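# Structural overview for review
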Amino acid sequence: MDVRAFTILEVMLAAIVMAFAITTSITVLQRGFAAIDAARNLVIAGQIMQSEIEKMRVSPWSSTVTVTGIIDYTNTSPAITVDPVFTANAHIGNRFTLTRTMADPKAGLRQITLTVTWRNYDGRTDSRSYTTYYAQYGLYDFFSS
């Protein structure tokens with residue numbers, strides 16, 4: 001009777017290949033979760049900035065009102081309170097901060113830059129900015145004679 005089996009070297013080689021496959025798949029999963037988290041945070045940051053821009057857009061030119069009150073049109077502004085619609089969500093909470101910078105490049109025109117900063121699930125800080133122009137006689141203003 002001829003009995004054949006794997007040698008110890010063949011078993012060790014198969015175990016090494018299996019360990020390598022499992023290790024690389026775990027690394028790929030971690031990268032995938034990081035990409036999903038980054039995409040989710042970018043969407044939330046964009047929504048926060050768009051919400052703030054819309055609040056300013058529908059306010060009068062002379063006294064643009066936000067959640068923190070009337071804007072003093074200096075070049076920099078401290079952190080703005082993120083709208084409670086976002087902070088009420090337990091996943092978002094207070095992870096996101098919003099800051100605003102304003103400049104008046106010419107009369108009747110304001111350059112507004114909003115920056116949202118947050119921490120990813122792995123502790124890294126990330127941020128995105130949104131710059132727009134806000135005109136005194138914008139889309140919904142009119143002149144009458």
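Everything that follows concerns the structure shown earlier in this document.
Described in the following lines is the structure provided in the data block. Predicted model only: the values in this text are computed from it and were never measured.

Along the chain, Y137 turns up in the segment after β6 (125-135). Sequence separation of Y137 and G108 is 29 residues, and the distance between their C-alpha atoms is 7.4 Å.

Looking now at the side chain of N41. For N41, the location among the structural elements is in helix α1 (residues 8-57). Apart from the residues within four sequence positions on either side, N41 is in contact with H91, R95, F96, W118 and N120.

Enumeration over the complete set of coordinates arrives at 1 cavity of 30 Å³ or more. Along the walls of the largest cavity sit I48, S51, E52, K55, T81, V82, D83, F86 and L98, which together make up its complete lining. At 4 residues, α1 tops the list of elements feeding residues into the lining of the largest cavity. Among the residues forming the lining of the largest cavity, the class breakdown is 4 nonpolar, 2 polar and 3 charged.

On the surface, a nonpolar cluster with roughly 440 Å² of combined accessible area is contributed by L29, F33, I36 and Y121. Inspection of the secondary structure puts I36 in helix α1.

What follows deals with the pattern of salt bridges. Scanning the entire structure with this criterion turns up 3 salt bridges. Its salt-bridge partner being E52, residue R100 comes within 3.7 Å of it at the nearest N-O pair. With R100 in strand β4 (residues 97-106) and E52 in helix α1, this pair connects stretches of sequence that are 48 residues apart. The two residues R100 and E52 agree in class, both being buried. The closest approach of N and O atoms between R128 and D126, which form a salt bridge, is 3.2 Å. Given a relative accessible area of 23%, D126 falls into the partly exposed group.

In this section: α1. Taking 1.5 Å per residue, 50 residues should reach 74 Å; α1 reaches 73 Å between its end C-alpha atoms and fits that length. Buried within α1 we find D37, N41, I44, A45, I48, M49, E52, I53, K55 and M56.

Here we take up the nonpolar core. Grouped together as the largest cluster of nonpolar side chains are 19 residues, with contacts concentrated most on I48, M56, F96, L98, I112, L114 and V116. The set of elements that each furnish at least two residues to this core consists of α1, β4 and β5 (109-119). Here the element with the most residues in this core is α1; it accounts for 6 residues.

The rules behind each value
- Residues numbered from 1 in each chain as written.
- Predicted model: local features only at pLDDT ≥ 70, side-chain atom pairs only at ≥ 80, totals over all residues.
- Heavy atoms only, no water.
- Helix = DSSP H or I, 4+ residues; strand = E, 2+ residues; numbered from the N terminus.
- Contact = heavy atoms within 4.5 Å.
- 1 Å grid on protein atoms, 1.4 Å probe; cavity = no way out; pocket = protein on both sides within 12 Å on 5 of 7 lines; lining within 4 Å.
- Points joined across faces, edges and corners; volume = space filled by probe spheres on them.
- Nonpolar A, V, L, I, M, F, W, Y, C, P; charged D, E, K, R; others polar.
- Patch = residues over 30% accessible without salt bridge, like charges linked within 9 Å, V, L, I, M, F, W, Y side chains within 5 Å.
- Areas by Shrake-Rupley, 256 points an atom, 1.4 Å probe, with all protein chains shown as cover.
- Salt bridge = Lys/Arg side-chain N within 4 Å of Asp/Glu carboxyl O.
- Buried < 20%, exposed > 50% of the residue type's maximum accessible area, 1.4 Å probe, protein only.
- Expected span 1.5 Å × (residues − 1).
- Core = buried A, V, L, I, M, F, W, Y, C linked by side-chain atoms within 4.5 Å.

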